[in-house]
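# Examining the three-dimensional arrangement
Here's the letter readout for the chains.
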Amino acid sequence: MSGAGEERARLDRLVRDERLVEAAELALQMGEFGEASRLYERACLFDHAAAAAAQAGDSLAALLFAVQAGDSSRASDLLAAVAGARLALTAAVPTTPANDLLGAAYKLEGRNAPRWAGELYLLAGKPLDAARCFDDAGDAVRAANILEKNQDIVGAGRLLERRLRKAPDDAGAALALGRLLIRFGKREAAVRALQAVPRE
């Protein structure tokens, strides 16, 4: 048996014996980064799975693992990589479907990571889903800005009002609501909203 064949047989034995970390380390040595990532995932070592997926060139899978590992810094870097790859892809083929991004966003919602799901929905061209996720993540101002840009002014206002009922001291939400009301000529309501902004 050749050296590569022996390594493959050893890797298969390690997997069969559920020695997943050893198998993942061997897969890395063999240059099988995608397989290493999947093995680290099975071992619940999501930070390692993220690193291996990134080495395999799969920024989207790496992002999912980084979020699962709670590594916001790495996840932010990977989100930028995913956005760059998406931009390059749509420049080459403008009608590229966003199924991969949508699938990843659904997974992140299921894993209670709405902020990251919102980012992927934005990249996939689903701003209303993104707004819903940002609202779920507690970022009512960003969610309202997205709704406003998509001509849902009433929805943006309601969202900010709801946020202020839950958190009356949220100065950002009060300012955003005041700005929105002023823009549409509701000066008295804007004054009431802006009076809620705490003074320093």
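In short, a report on the structure. Note that this is a predicted model, so its numbers are computed, not measured. (Residues numbered from 1 in each chain as written. Predicted model: local features only at pLDDT ≥ 70, side-chain atom pairs only at ≥ 80, totals over all residues. Heavy atoms only, no water.)

### Here's the deal with the overall build of the chain
A count of helical and extended segments in the chain gives 13 helices and zero strands. Listing the helices and strands of the chain from first to last along the sequence gives α-α-α-α-α-α-α-α-α-α-α-α-α. Projected onto its principal axes, the C-alpha coordinates of the chain cover approximately 85 × 40 × 25 Å. Here the chain, with 200 residues, has 37% of them falling under the buried criterion. (Helix = DSSP H or I, 4+ residues; strand = E, 2+ residues; numbered from the N terminus. Buried < 20%, exposed > 50% of the residue type's maximum accessible area, 1.4 Å probe, protein only.)

### A look at the layout of surface pockets
The space that makes up the largest pocket amounts to roughly 170 Å³. If you trace the largest pocket, you find it lined by Gly34, Ser37, Arg38, Glu41, Ala53, Ala56, Asp58, Ala61, Leu64, Phe65, Lys107 and Arg111. Per-element tally for the lining of the largest pocket: the top contributor is helix α3 (residues 33–42), with four residues. The residue makeup of the lining of the largest pocket, split by class, is five nonpolar, two polar and five charged. (1 Å grid on protein atoms, 1.4 Å probe; cavity = no way out; pocket = protein on both sides within 12 Å on 5 of 7 lines; lining within 4 Å. Points joined across faces, edges and corners; volume = space filled by probe spheres on them. Nonpolar A, V, L, I, M, F, W, Y, C, P; charged D, E, K, R; others polar.)

### Some details on the packing of aromatic side chains
What the rule picks out here adds up to one aromatic pair. Judged by centre distance (6.1 Å) and plane angle (65 degrees), the ring pair of tyrosine 106 and tyrosine 121 falls under edge-to-face. Here tyrosine 106, found in helix α7 (residues 99–110), pairs with tyrosine 121, found in helix α8 (residues 114–123); they are 15 residues apart in sequence, far enough to count as distant. The class of tyrosine 121 is buried, set by a relative accessible area of 1%. Lying across the ring of tryptophan 116, arginine 115 places its NZ or CZ 4.0 Å from the centre. (Phe/Tyr/Trp six-rings, centres within 6.5 Å; stacked < 30°, edge-to-face > 60°. Lys NZ or Arg CZ within 6 Å of the ring centre and 35° of its normal.)

### Brief notes about the pattern of salt bridges
For side chains bearing opposite charge, pairing can occur when the charged atoms are close. Following the criterion strictly, the structure yields eleven salt bridges and no others. Across the pair glutamate 35 and arginine 8 runs a salt bridge, and its minimum N-O distance is 2.9 Å. With glutamate 35 in helix α3 and arginine 8 in helix α1 (residues 3–16), this pair connects stretches of sequence that are 27 residues apart. Across the pair aspartate 129 and arginine 132 runs a salt bridge whose closest N-O atoms are separated by 3.3 Å. On the criterion of helical spacing, the pair formed by aspartate 129 and arginine 132 is a turn pair, its members being three residues apart in helix α9 (residues 127–136). Overall, aspartate 129 belongs to the partly exposed group, its relative accessible area being 29%. (Salt bridge = Lys/Arg side-chain N within 4 Å of Asp/Glu carboxyl O.)

### What to know about the nonpolar core
Leu63, Leu108, Trp116, Leu120 and Leu160 are the most contacted members of the largest nonpolar core, which totals 58 residues. If near-sequence neighbours (up to four positions away) are discounted, leucine 108 is found in contact with Leu64, Val67, Ala113, Trp116, Ala117 and Leu120. (Core = buried A, V, L, I, M, F, W, Y, C linked by side-chain atoms within 4.5 Å. Contact = heavy atoms within 4.5 Å.)

### A closer look at the side chain of glutamate 35
For glutamate 35, a relative accessible area of 17% puts it in the buried group. When neighbours within four sequence positions are excluded, glutamate 35 is seen to be in contact with Arg8 and Leu11.

### A closer look at the environment of alanine 75
Here alanine 75 lies in helix α6 (residues 72–92). Judged by its relative accessible area of 1%, alanine 75 falls in the buried class. The spatial distance from the C-alpha of alanine 75 to the C-alpha of alanine 27 is 23 Å, given a sequence separation of 48 residues. Every residue in contact with alanine 75, bar those within four places of it in the chain, is listed here: Leu63, Ala66, Val67 and Trp116.

### Topic: the environment of alanine 143
Its location among the elements puts alanine 143 in helix α10 (residues 140–149). Considering only alpha carbons, one finds alanine 143 and proline 127, 16 residues apart in sequence, at a separation of 9.0 Å. Beyond its immediate chain neighbours, meaning those up to four positions away, alanine 143 contacts Ala131, Phe134, Asp135 and Leu159.

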